[in-house]
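What follows is the residue order along each chain.
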Amino acid sequence: MTNASFVKADTIRSDFSAAMSAMYRNEVPAYGTLMSLVARVNDEALAADPLLKTRLEATDSLSRISEERHGAIRLGTPQELAMMRRVFAVMGMHPVGYYDLSTAGVPVHSTAFRPVGEESLKRNPFRVFTSLLRLDLIADEALRKEAAEVLSTRKIFTDEAVRLVDKAERDGGLDASDAAQFVREVLETFRWHDRAIVSAGMYRRLHDAHRLIADVVSFKGPHINHLTPRTLDIDKVQALMPDEGIAPKAIVEGPPTRKCPILLRQTSFKALEEAVSFAGEQGTWQAGSHTARFGEIEQRGIALTPKGRALYDKLLNDSRARVRPAADGSNAGEYEAALTDVFHAFPDDWNGIRKAGLGYFSYSLTEKGKAVSNRRADLETAIEDGVIQFDPIVYEDFLPVSAAGIFQSNLGDDAAQEFIASPNQVMFERDLGASVLDEFAHYAGIERASLTMSMAVLNTAAA
Ligand code: OOG
Ligand code: NI
């Protein structure tokens, strides 16, 4: 049952993302600096390219172009993950995709909670890359047990947040006052706590096992570790970061700069060292520091089919085999050149990408197509005759190699470690209490629906 007085899930997500942005800018001033830089570069990009401006006006809300697209958290237990799924569901965010980061030396596996329908994405695209720590990958059994014990005692959701989730599930939504309180209560889960819940000695041991374990286990909750606005010119923001006093990571992750952008490009400024205190003897606190929080930017392109993705993965591998990017940025230029060179093998015009079956497109009738009254044509002829047009479908998900690069550059340059690759989607979905949406099937469905609809209109016109 839904009630007319319930606040839309999309609205709650919008309010939540705005509240989180304000909190994070306050907690991490360098993030505020990045936001201003992104807004400025976006304004300049729009001023320099009226065509881009017109196109974005038609498809996006220009006033919100520089708002956050995603954030990330790292959870400690299956119970936390299962509850987080219910919390995000109230905001219309559902788990899409499974990412195994163990192959890249990070002991987590992840999903992205995100809005799924076109309308919801347009209203507010905010998503949260959510990782679950995999203690099963930690070799030291005693430490594993100790970490699990610490995690089992913490409570990351307020009682009110849990009560409001129960209520939303029971009643089918929240009214305005409950929704506002829900946003305030849930925000608490993402807040930074500078007082660790472990001693300095324990922190050190966790940190030595893997920096990420220390980040997850040592604190009261899963502090938001970065937020990510959208940029219209990622190369420019990357280049300008040092002028603003923020240190960019060595390279932009993902594909190279192209005429027709594919998938996702992202970069971040390096996580800051922050003062924290550790639990000492008899209620005392011991000063220390922790490095985890940063700011990121992203630029998105077309969603690729499995065939396109396989080609992308191969070309990325080939590039990295030629030049392995060093964490200190010393060979960033060489890496970029190798990437650009190797990716010449990936078609860089929309029709080429479409004809090769590499990307997903949304089909629609042109003005001419809408006026046509007697036509029975196949798709390619309809396109050639200018009655059907196609637009790239934007990739709304993440990339495991890129995510690993983002993790690593923010865990410190020594963070890479060898784990036995062990994707375990079955375990993840069991812990989540639901299965994740298959991203490829999802994009294929959008493409198919647009195609069926356009062809049906044409064929009806012909009948
Ligand atoms: C998540 C890193 C992954 C992205 O944009 O690929 C990510 C993390 O550091 O917790 O956010
Ligand atoms: Ni991110």
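Calculation criteria
- Residues numbered from 1 in each chain as written.
- Chains lettered and ligands numbered in written order.
- Predicted model: local features only at pLDDT ≥ 70, side-chain atom pairs only at ≥ 80, totals over all residues.
- UniProt positions renumbered as here; feature names shortened; annotations may be inferred.
- Helix = DSSP H or I, 4+ residues; strand = E, 2+ residues; numbered from the N terminus.
- Rg over C-alpha atoms; globule rule 2.2 N^0.38 Å.
- Buried ≥ 20, exposed ≤ 12 C-beta atoms within 10 Å, placed from the backbone.
- Contact = placed C-beta atoms within 7 Å.
- Expected span 1.5 Å × (residues − 1).
- Arc of directions from axis to C-beta.
- Pairing = 2+ DSSP bridges.
- Axes fitted to C-alpha atoms, helices over the stretch in contact; angles between N-to-C directions.
- Near = placed C-beta within 6 Å.
- Nonpolar A, V, L, I, M, F, W, Y, C, P; charged D, E, K, R; others polar.
- Domains from an automatic or database assignment.
- Parallel < 35°, antiparallel > 145°, perpendicular 65-115°, else oblique.
- Left-handed = near helix turned anticlockwise from the far one by under 90°.
- Core = buried A, V, L, I, M, F, W, Y, C linked by C-beta atoms within 7 Å.

Per an unreviewed UniProt entry, the recorded name for the protein is 2-oxoadipate dioxygenase/decarboxylase, and the organism is Rhizobium leucaenae. Regarding the protein, the relevant UniProt record gives this comment under Sequence similarities (unreviewed entry): "Belongs to the 2-oxoadipate dioxygenase/decarboxylase family." Checking UniProt for the protein, the heading Cofactor (unreviewed entry) contains the comment "Fe(2+)".

Caption draft 1: Broad picture of the overall build of the protein. From N to C terminus, the protein includes 19 helices and nine strands. On C-alpha atoms alone, the protein measures out to a radius of gyration of 23 Å, which is about the 23 Å that the 2.2 N^0.38 rule sets for 463 residues. Based on the C-alpha atoms only, the size of the protein along its principal axes is roughly 85 × 60 × 45 Å. Counting only residues that meet the buried cut, the protein has 42% of its 463 residues in that class. Sequence separation of 24 or more characterises 74% of the internal contacts of the protein that already satisfy a separation of 6 or more.

Caption draft 2: Expanded view of helix H2 (residues 29–48). With 20 residues, H2 ought to run about 28 Å at 1.5 Å a step, and its terminal C-alpha atoms sit 29 Å apart, in line with that. Every buried residue belonging to H2 is among Ala30, Tyr31, Leu34, Met35, Leu37, Val38, Val41 and Asn42, and all of these are buried. When H2 is viewed along its axis, its buried side chains cluster within an angular range of 165 degrees and face the same direction. For H2, the exposed residues set more than 90 degrees away from the buried face come down to Pro29 and Ala47. Packed against the buried residues of H2 are helix H1 (9–27), strand E5 (226–229), helix H11 (234–240), strand E6 (264–279) and strand E7 (285–300).

Caption draft 3: Quick look at the environment of Pro325. As for its placement among the helices and strands, Pro325 is situated in the loop between helix H12 (306–322) and helix H13 (332–342). As for Pro325 and Ala250, which are separated by 75 residues in sequence, their C-alpha atoms are 7.8 Å apart. Setting aside anything within four residues of it in sequence, one finds Pro325 in contact with Ala250, Ile251, Asn331, Ala332 and Tyr335.

Caption draft 4: Up close: the sheet that holds strand E4 (residues 127–133). Ordered in space as E2-E3-E4-E1-E5-E7-E6, the seven strands form an open sheet in which the pairing is mixed. Two strands lie at the open edges of the sheet, namely strand E2 (94–100) and E6, each paired on one side alone. Taken over all neighbouring pairs, the strand axes of this sheet differ in orientation by 20 degrees on average, direction set aside.

Caption draft 5: Inspection of the site of ligand 1 at higher detail. Close to ligand 1 lie 13 residues, the nearest being Ala72, Phe129, Ala403, Ile406 and Phe407. If you list the elements that add at least two residues to the shell around ligand 1, you get strand E1 (68–75), E4 and helix H17 (400–409). Grouping the amino acids of the shell around ligand 1 by side-chain chemistry returns six nonpolar, five polar and two charged.

Caption draft 6: Fine view of the domain arrangement of the protein. Domains assigned within the protein are domain 1 (9–302 + 395–432), domain 2 (304–346) and domain 3 (360–393 + 438–463). On a C-alpha basis, the centroid separation for the pair domain 1 and domain 3 is 37 Å. Listed by partner, the interface residues are four residues for domain 1 and five residues for domain 3. In the side of domain 1 that touches domain 3, the residues fall into two nonpolar, one polar and one charged.

Caption draft 7: Local environment of the packing of H1 against helix H8 (residues 176–190). Direction vectors running N to C along H1 and H8 enclose 45 degrees, while the axes themselves pass 10 Å from each other. Relative to H8, the element H1 lies oblique. The interaxial crossing formed by H1 with H8 has right-handed handedness. Here H1 contributes Ile12, Asp15, Phe16, Ala19, Met20 and Met23 to the contact with H8, which in turn contributes Ala179, Phe182, Val183, Val186, Leu187 and Phe190.

Caption draft 8: Looking closely at the nonpolar core. Counting residues in each nonpolar core, the largest one holds 112 residues, and the members touching the most others are Ile12, Phe182, Ile213, Ile302 and Ala403. With seven residues, the single largest contributor to this core is H2. Not counting the four nearest positions on each side in its chain, Ile12 is found in contact with Val7, Val90, Met91, Ala179, Phe182 and Val183.

Caption draft 9: Main features of unusual backbone geometry. Phi at Leu263 is positive, roughly 50 degrees, even though this residue is not glycine. With respect to the helices and strands, the residue Leu263 is situated in the loop between H11 and E6. Overall, Leu263 belongs to the buried group, with 22 C-beta atoms counted inside 10 Å. Backbone geometry at Gln282 places phi at a positive 45 degrees, although glycine is not the residue there. Within the secondary structure, Gln282 is located in the loop between E6 and E7.

Caption draft 10: Summary view of the pairing of E5. Side chains His226 and Thr228 project from E5 onto one buried face, and the interleaved Leu227 and Pro229 project onto a second face that is buried too. Bridge count between E1 and E5: four bridges; the pairing is antiparallel. Residue pairing for E5: Ala72 is matched across the bridge by His226. Sheet analysis places E5 next to E7, joined by two bridges and oriented parallel.

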